[in-house]
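# Geometric and topological summary
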Amino acid sequence: MPTVALIGECMIELSHLAPDRLALGYAGDVFNTAAYLARTAPTADVQFVTLVGDDPYSTQMRESWTAHGVNSDLTRTVPGGQAGLYLIRTDEAGERTFHYYRSQSAARALFGPTHPREIDDAIAAHDLVYLSGITLSILTPAARARLLDVLDETRRRGGMVAFDGNYRPAGWPSPKAAAEAMSAVLTRTDIALPTHTDDQAVFGDRTPTDTIRRLRKAGVPEIAVKQGAQGCVISDTRTQIPIPAVPHVQVRDTTAAGDAFNGAYLASRLTGTPQKQAAETATTLAAEVITHRGALLPPPHPART
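A brief look at the structure comes next. Please read all numbers here as calculations on a predicted model, not as lab measurements.

Attention now goes to the nonpolar core. Core analysis: the biggest nonpolar cluster contains 52 residues, and Val70, Phe261, Tyr265 and Leu266 have the highest contact counts within it. Here this core gets seven residues from one element, more than from any other, and that element is helix α1 (residues 29–40). Contact partners of Val70, with chain neighbours within four places excluded, come to Phe31, Ala34, Ala35, Ala38, Val46, Phe48 and Trp65. By size, the runner-up hydrophobic cluster in this structure holds 39 residues, among which are Phe111, Ile119, Ile138 and Val233.

Attention now goes to the pattern of salt bridges. Under the defined criterion, the tally for this structure stands at 15 salt bridges. When the shortest N-O distance is used, the salt bridge between Asp210 and Arg213 registers 3.8 Å. Taken together, the positions of Asp210 and Arg213, both in helix α8 (residues 208–217) and three residues apart, correspond to about one turn of that helix. Note that Arg269 and Glu222 form a salt bridge whose closest N and O atoms lie 2.7 Å from each other. Taken together, the positions of Arg269 in helix α9 (residues 257–270) and Glu222 in strand β12 (residues 222–226) put the pair 47 residues apart, joining distant regions of the chain. On the accessibility criterion, Arg269 (28% relative accessible area) is partly exposed. The class for Glu222 is buried, based on a relative accessible area of 11%. Salt bridges sharing common partners tie together Asp121, Glu153, Arg156 and Arg157.

An α-helix turns once per 3.6 residues; consequently, residues spaced three or four apart project the same way. Relative to the 16 Å expected for 12 residues at 1.5 Å per residue, α1 spans 17 Å between its end C-alpha atoms, a close match to the ideal helical length. Of all 12 residues making up α1, 10 are buried, and the element is well covered by its neighbours. Inspection of α1 places Asp29, Val30, Phe31, Asn32, Thr33, Ala34, Ala35, Tyr36, Leu37 and Ala38 among the buried residues, and these make up the whole buried set.

With respect to the element layout, Ser235 can be found in strand β13 (residues 232–235). For Ser235, a relative accessible area of 0% corresponds to the buried category. Side chain to side chain, Ser235 and Arg216 meet in a polar contact 2.6 Å long. Discounting chain neighbours no more than four positions away, the residues touching Ser235 are Ile212, Arg216, Pro221, Glu222, Ile223, Gln240 and Gln275.

It is worth spelling out the sheet that holds strand β11 (residues 191–192) at this point. Strand order in this open sheet of eight strands is β4-β1-β9-β10-β11-β12-β13-β14, and the pairing throughout is mixed. With one partner strand each, in any of the chains shown, β4 (45–49) and β14 (240–243) form the two edges of the open sheet. Of the pairings in the sheet, the one linking β11 to β12 comprises two bridges and is parallel in character. Along β12, the bridge assignment pairs Ile191 with Glu222. Each of β1 (3–7), β9 (128–132) and β10 (160–164) touches helix α5 (residues 141–156); the most contacted strand, β9, lies at about 150° to it.

For His248, which is not glycine, the phi dihedral falls at a positive 60°. With a phi angle near 70°, Ala256 is a residue other than glycine that sits in the positive phi range. Position of Ala256 among the secondary structure elements: in the loop between β14 and α9. Overall, Ala256 belongs to the buried group, its relative accessible area being 4%.

What counts, and at which threshold
Residues numbered from 1 in each chain as written. Predicted model: local features only at pLDDT ≥ 70, side-chain atom pairs only at ≥ 80, totals over all residues. Heavy atoms only, no water. Core = buried A, V, L, I, M, F, W, Y, C linked by side-chain atoms within 4.5 Å. Buried < 20%, exposed > 50% of the residue type's maximum accessible area, 1.4 Å probe, protein only. Helix = DSSP H or I, 4+ residues; strand = E, 2+ residues; numbered from the N terminus. Contact = heavy atoms within 4.5 Å. Salt bridge = Lys/Arg side-chain N within 4 Å of Asp/Glu carboxyl O. Expected span 1.5 Å × (residues − 1). Polar contact = N/O pair within 3.5 Å; in protein donor to acceptor, adjacent residues only side chain to side chain. Pairing = 2+ DSSP bridges. Axes fitted to C-alpha atoms, helices over the stretch in contact; angles between N-to-C directions.

So this is what it looks like as structure tokens:
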């Protein structure tokens, strides 16, 4: 049974059903990937690593994880803490805009002085550890350094590291700051799952081939560059193959399409699926997700009562 630890933040998600009506959910880029990984590989042990508050929304949020097949053994509660919140607006083409209210989120203390050290060792024992650029953006420099030690230990024990840069400008003082933090992770990455437009903004990559070349120089052996409606480009240490997007999809909301791709791709690779087939499976799931409003498809498991 593959074991996966995914490090990040889950938040309250409010998405517009109408200008004056909102739907409540719980999501966040790394959690979305965890949910879609668990959906695609239901026998995997999928652990979401974060810090949450003790407010009612944090409690409901953790209950929703179970419904999506995601475990929380490595999540801790911060007394007096609270969940972060974001709102989604989508335009007529289904493209989304995020508005965040997360400065007091409990997850910002990840790998900080109060975060238990035994969690580091528990993370490193997994077959795969996954994180994103958004994970890095909420951490202090000292916390990022501690996280890098965890990634080093994971690989020393034979585990792998997967990373999606997932750049949100509001989370960084500058693209240069993001590039420095992400580059430190990429030198410790076994599977990179970037989005081309993100790496254009952070690293100045003009084409997916530029991204692949840069990642190969950083020592990343497996790469899948997402390109939205253009599909993706996959690469190992020798080859580069384009994978087309699913055609004629009625787009309602592009939220979490990339997260769904990542979850399905990693689930497939962990269970021995070849890279090309894994990318095709991931592209198919992403196409399904964008026909649905909100980050997550309905959960496959009943929620706890």
